[in-house]
Each structure stands twice: as structure tokens, then as C-alpha cells.
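Secondary and tertiary structure notes
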Amino acid sequence: MAKIAIDPVTRIEGHLRLEVEIDGGKVKDAWASGTMWRGMELIVKNRDPREVWAILSRI
Amino acid sequence: MRAVENALGITIPENARIIRNIISGIQYVQDHVIHFYHLHALDWVDVTGALKADPAKTAALAQTISDWPNSSPVYFKAVQGKVKALVESGQLGIFANGYWGHPAYKLPPEANLMAVAHYLEALEWQKEVIKMQAFLGAKNPHPQTFLVGGMAMPIDPNSQNAINAGSLALMLDLAKKAQDFVEKVYIPDLLAVASFYKDWASIGGGVPNYLSYGEFQQDTKSNTTNCWLPAGFIRNRDLSKVEPVDHKKVTEDVAYAWYKYSDDDKKGKHPWDGESTPNYTGPKPPYEFLDTSNKYSWVKAIRYDGLSTEVGPLSRMLVAYASGHKRVKEVVDMVLGKLGVGPAALFSTLGRTAARGIETLVTAEMLPVWINELAANMKKGDLKIHSGDKWDPSTWPAEAKGYGFHEAPRGALCHWVVIKDKKVANYQCVVPGGWNSAPRDAKGQRGPFEESLIGTPIADPKKPIEILRTIHSFDPCMACAIHIVDKEGNELIKVRAK
């Protein structure tokens, strides 16, 4: 059995990491990990609701 | 924005509704074409294989599948020359870091050359058609003209400084250009490539639940269910039944995510009560592997009715198909017929990629319809673009809660807001990339990416192109072909035989 990690796979909301167990030429199990914190929800707290779209439309 | 409008009871004007539809529409079309050619195609198309192609045979192939004018032997010879010069220079540039020559590549050289030619054409095409968004949104990405209550832009057929008759005519030209390329290049290429990879119609299916919030609103009611692409939830791949969507069924737990809930990490919270307090418990980088028996991701376990659920074009097309959407049904049946497969083939990596093409075609067809809808409204003298009666915070209640459904190109997106004393008291964004890349939940159910990989054949663990095919089929917004190198070009993939 082999375990591989692919990191980064993606740039959506930061980066995606995959860890995959391969057994007999097939994927046996897999884990997807977002490796970057977004935190946008905390940025808009206590802000004027009329302006949050401009900040949050980035994600 | 829709969440805040929903919380404050704001109804947007008809023109704002139509303009939002046009902006979303061109985003679907441009995003999906870019995804197919620039983010996904090289999982299936061997660029170096194109060098072995006979340009005359490539031209013959191209002419049998489409009447697109760029299909002469001379044209394909020129493209081949470009690729050859790149390969010989040793600097592959945009084509660097592919698994070229991998045995999982199945296309004949001529199909590889045709696809590479269209990869390059699509780059030119996309920068043209997205000008439609420049008219309506001021720029791409991140349009600047949105506004709580409508849009922040003037429309007036007779003004130089507004969306006028001239800009509408130019947008119709761009819509035609968008539709032509999708009909004559994207769809024929998709069918041609897919016909060599039919084994991928039984790989990569993953979780059996599909969600769409509905998009392209046909009336101005907040979170209306009257959408051109319908809202719905499909449970356990049962296409005989589409359940109505209830936003209260969306929950997130953080049993395996790097957050700390004030009460219980294992309890699924509705986003109005959501918390985002970070709690990183993973290893200090650089590390070899994560401890996946504990928290292992910054993505929360988003679930619908407690179930791991896929979002995106496949979910939208399945919901539309199962709801009896006439045009979607026609195109889905056409694609299935041409590939000689049944509807069950949709639940796969190939199905996901095909659904994106189907959605692009039907959406591109609607662009002129929506532009003409805007023109007709303006012609009637309706130039209203913003509802400002609840702009002033003194008109707001002391406390309000709202949610705003949207279907982004990549899938279901909803924001939930709680407003107290004129300020945001709580805000949660539950985005398509989160749904699909979600980790395990408290019950141990895998997320959609994770589940879709189980059973995938891997020819060479050092070159796991098969994993990328399935993960890319979800369109997780990846940089083209540069999937496993860091910015210095060092390979980051780690392989360890256990």
C-alpha cells in the first residue's frame, strides 16, 4: 500500500491538499484538506451590512 | 448582497434582476470554457502527442465534427509548429509540468492537436466575450457595480454615460460570439474527447446527493424558487424525485475541521448560529502527512439534511433534468445519445465534465434572450436600477436575519447574515468549494472529493493523473497543469510506500 500527498492541488479559497491511500492499483481511501484559513466571516463582523458584499464577493 | 436584501426585506427592481442574470450568465459561459480547455483538458489531452499528428488528418477530423472555420491543414500545421517550437525550446511555459506520455492518455495524435489548437483559440475568445461583464460590472473578476437594493449603474438608451442602445447592441454581438464558440468548438470537442474516455463514465461518482439553489431568477421575490435553472435536492441519485430546498437543512460541523465551537464540535450548526473560531491542531509544516484521525482541514463539514452533498453544474443539470426542464433535457439526452450511454453515466467524472458543457450551451443560448429582455424593459421607459427606500439604516428593524441563495459557476453558494443594531452580528458564507472539498463529518461520512476518489484506478502512484481528472472535474479553481509544484518549481508530491 502506498500513501501519497498532493499539495497544493488547488487555489480555491487558498489551497487544497489531498492525501490518498492506494492499494492494488486503486484508491482505497482519501482525505481532502483545505490548508488555508479564510476568516472572511470574522472580517465583516460589526461592519455595515451594506458594504459586506464588496468584501465577500472575493470568495 | 442577497442575504442582506433578504434580511431587510428589500425588493430589487426588474432591471437589476435582469442585469444580475446577464452577469451570471456570461460568467458561467466564460468560466466553464476556461475550465474545460485551460484547467481540465490537459488531464485528457497529451500536448506532446499533438506533435505526432498529421495536420491534414486533423483537419479532416475537425471538419467531420464541426463547421468551425479554423479547420484547414495549414491552420493545424501552424499550431503544431508553435507547439514544436515550445517543446524544442525546452521551456514548455503554459504546458509545463504535465504528465506527458502517461499511459492513461488515450487520444489519437490528431485529436490531441485539435484540442491544443482550441486551447489556444479559447484563450483569445475568453478575453473578448467577458467584455460583456466589463459593460455591466465594470471589471472582471469581482464586478464593482453591485449594490444592496439593485445595481450601481445608470441605464438609459439615449445617454452616452449609461448602458444605452449602443452597449446593448455590442453585448448582443458578444453573446453571438460566445454562443458560436460553445456550439461549434466546445461541445464538439467535449464529445470527441469523451468518446475516447467512456470508462470514466463509471469512475469518480462519489456521494449520491446533489443540491442546487436555483439561479437566473425570473421574478424579483427574494430567494425566489422561480428560476430558469431550478432549485432542488436529489437524494441518493433518485432522478424520479426532486425535493424542494430548505436552507434550514444546511449545517456545518467541525469534528474534523480546525475550528472550535463554543459547545460541541460534533454538532452540526445552521449558519445563522455558525461560528468560525480557528483552532489549528495540525502538524507544524513542513510535514509529511496530516493526522487524519483528528482535525485535518480548514473546510467545515457542510451537509444538507445531514448528508454529504455535491454542488456544481452536474447538480444543477441533474436537478433541471429531473424537474423536466425542456432544453436541459434535450441537450442531456443528445449528449448521452451521442456517447451511447444512459443517464447513470452522469454520476461520474465524465458526467460532471459533460454536465458543465451542457450547462454552457443552454446558458449561452439564453444570453441574447436576457439582453433583449433588458432592452425591452428600457424601451418601455423603465430605467429604475436601484430600490433605495430601505438604504437608510434608520428604516431597519433592531434585529434581522437573512439568507441569499446564489448558484455560482462552481455551484451552490449561500450567505447567511444576522444584523443587530445596524451592524453585522454574524455572517457565514457556505461556498461551492466548501461543499465539494468538505472533510469527514462527526458521523465519519466522507466529503464529495474524498468519496469520488474511492476505487479510482491509479496506473502510477508517482504520476496520479487519474486523481487529478476527478478532482478537476469538480472545477476547484486550479491553476492550469501546475498542480503539484511550488512557486520555485520544486515538486511537492510525496510518495511513500507503506
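The shown structure was predicted, so the numbers you read here are calculated from the model rather than taken from an experiment. (Residues numbered from 1 in each chain as written. Chains lettered and ligands numbered in written order. Predicted model: local features only at pLDDT ≥ 70, side-chain atom pairs only at ≥ 80, totals over all residues. Heavy atoms only, no water.)

Geometrically, a packed helix pair is captured by the angle between its two axes and the distance between the axes. All names here are of chain B. Two elements in contact, helix H4 (residues 73-89) and helix H5 (residues 109-129), have axes separated by 10 Å at closest approach and are oriented at 80 degrees. Here H5 runs roughly perpendicular to H4, going by the angle between their axes. Note on element contacts: H5 touches H4 through Leu113, Met114, Val116, Ala117, Leu120 and Glu121, opposite Tyr75, Phe76, Val79, Gln80, Lys82 and Val83. Of the residues belonging to the contact of H4 with H5, the class tally is nine nonpolar, one polar and two charged. (Axes fitted to C-alpha atoms, helices over the stretch in contact; angles between N-to-C directions. Helix = DSSP H or I, 4+ residues; strand = E, 2+ residues; numbered from the N terminus. Parallel < 35°, antiparallel > 145°, perpendicular 65-115°, else oblique. Contact = heavy atoms within 4.5 Å. Nonpolar A, V, L, I, M, F, W, Y, C, P; charged D, E, K, R; others polar.)

On to the nonpolar core, then. Within the largest apolar cluster, 143 residues are counted, with the highest numbers of intra-cluster contacts made by Leu18 and Val20 of chain A together with Ile19, Met132, Val182, Tyr427 and Ile467 of chain B. Looking at which element gives the most residues to this core, the answer is helix H7 (residues 165-194) of chain B, with 15 residues. Setting aside its immediate chain neighbours within four residues, isoleucine 467 of chain B contacts Ile4, Ile6, Leu18, Val20 and Val27 of chain A together with Leu453 and Ile458 of chain B. In this structure, Ile302, Phe405, Ala412 and Val430 of chain B belong to the second largest nonpolar core, which totals 17 residues. (Core = buried A, V, L, I, M, F, W, Y, C linked by side-chain atoms within 4.5 Å. Buried < 20%, exposed > 50% of the residue type's maximum accessible area, 1.4 Å probe, protein only.)

Next up on the list: unusual backbone geometry. All names here are of chain B. The omega torsion of the bond from asparagine 140 to proline 141 falls at -5 degrees, within 30 degrees of zero and hence cis. Residue placement: proline 141 occurs in the loop between helix H6 (131-137) and strand S1 (146-147). The omega torsion of the bond from proline 285 to proline 286 falls at 0 degrees, within 30 degrees of zero and hence cis. Mapping proline 286 onto the fold places it in the loop between strand S7 (250-253) and strand S8 (301-304). In this model, aspartate 305 sits at a positive phi of 50 degrees, which is unusual for a non-glycine residue.

A few words now on the confidence of the model for chain A. Counting all residues, the mean pLDDT for chain A is 86, and 90% of those residues have values of 70 or more. Ranking the elements of chain A by mean pLDDT puts strand S1 (residues 2-10) of chain A last, at 83, and strand S3 (residues 26-34) of chain A first, at 96. (pLDDT = per-residue confidence, 0-100.)

Attention now moves to the interface of chain A and chain B. The interface of chain A with chain B comprises 49 residues on the first partner and 70 residues on the second. Taken together, the two surfaces of chain A and chain B that pack against each other cover about 5100 Å², and 63% of this comes from carbon and sulfur. On inspection of chain A and its partner chain B, the count reaches two salt bridges. Counting across the interface, chain A meets chain B through 17 residue pairs in polar contact (both at pLDDT 80 or more). (Buried area = accessible area lost by both parts, 1.4 Å probe. Salt bridge = Lys/Arg side-chain N within 4 Å of Asp/Glu carboxyl O. Polar contact = N/O pair within 3.5 Å; in protein donor to acceptor, adjacent residues only side chain to side chain.)

Residues and elements named next belong to chain B. Secondary-structure assignment places histidine 40 in helix H2 (residues 14-40). Under the relative-accessibility criterion, histidine 40 is labelled buried at 1%. There is a polar contact of 3.3 Å between the side chain of histidine 40 and the side chain of tryptophan 44.

Glancing now at the packing of aromatic side chains. Residue and element names in this part refer to chain B. Within the structure shown, the criterion is met by 28 aromatic pairs over all chains. An angle of 70 degrees between the planes, with centres 5.7 Å apart, marks the rings of phenylalanine 216 and tryptophan 228 as edge-to-face. Of the two residues, phenylalanine 216 is situated in strand S4 (residues 215-217) and tryptophan 228 in strand S5 (residues 227-229); the sequence distance between them amounts to twelve residues. With a centroid separation of 4.4 Å and 40 degrees between ring planes, the pair formed by phenylalanine 233 and tyrosine 304 is classed as tilted. Taken together, the residues phenylalanine 233 in strand S6 (residues 232-234) and tyrosine 304 in strand S8 connect sequence positions 71 residues apart. (Phe/Tyr/Trp six-rings, centres within 6.5 Å; stacked < 30°, edge-to-face > 60°.)

So, about the pairing of strand S2 (residues 16-23) of chain A. Residue and element names in this part refer to chain A. Burial analysis of S2 places seven of its eight residues in the buried class, the great majority of the element. Relative to S3, S2 runs antiparallel, the two being bridged by eight bridges. Following the sheet pairing, leucine 18 is matched in S3 by alanine 32. With antiparallel pairing between neighbouring strands as the criterion, S2 and S3 make up a hairpin whose turn holds two residues, including glycine 24 at a positive phi of roughly 60 degrees. (Pairing = 2+ DSSP bridges.)

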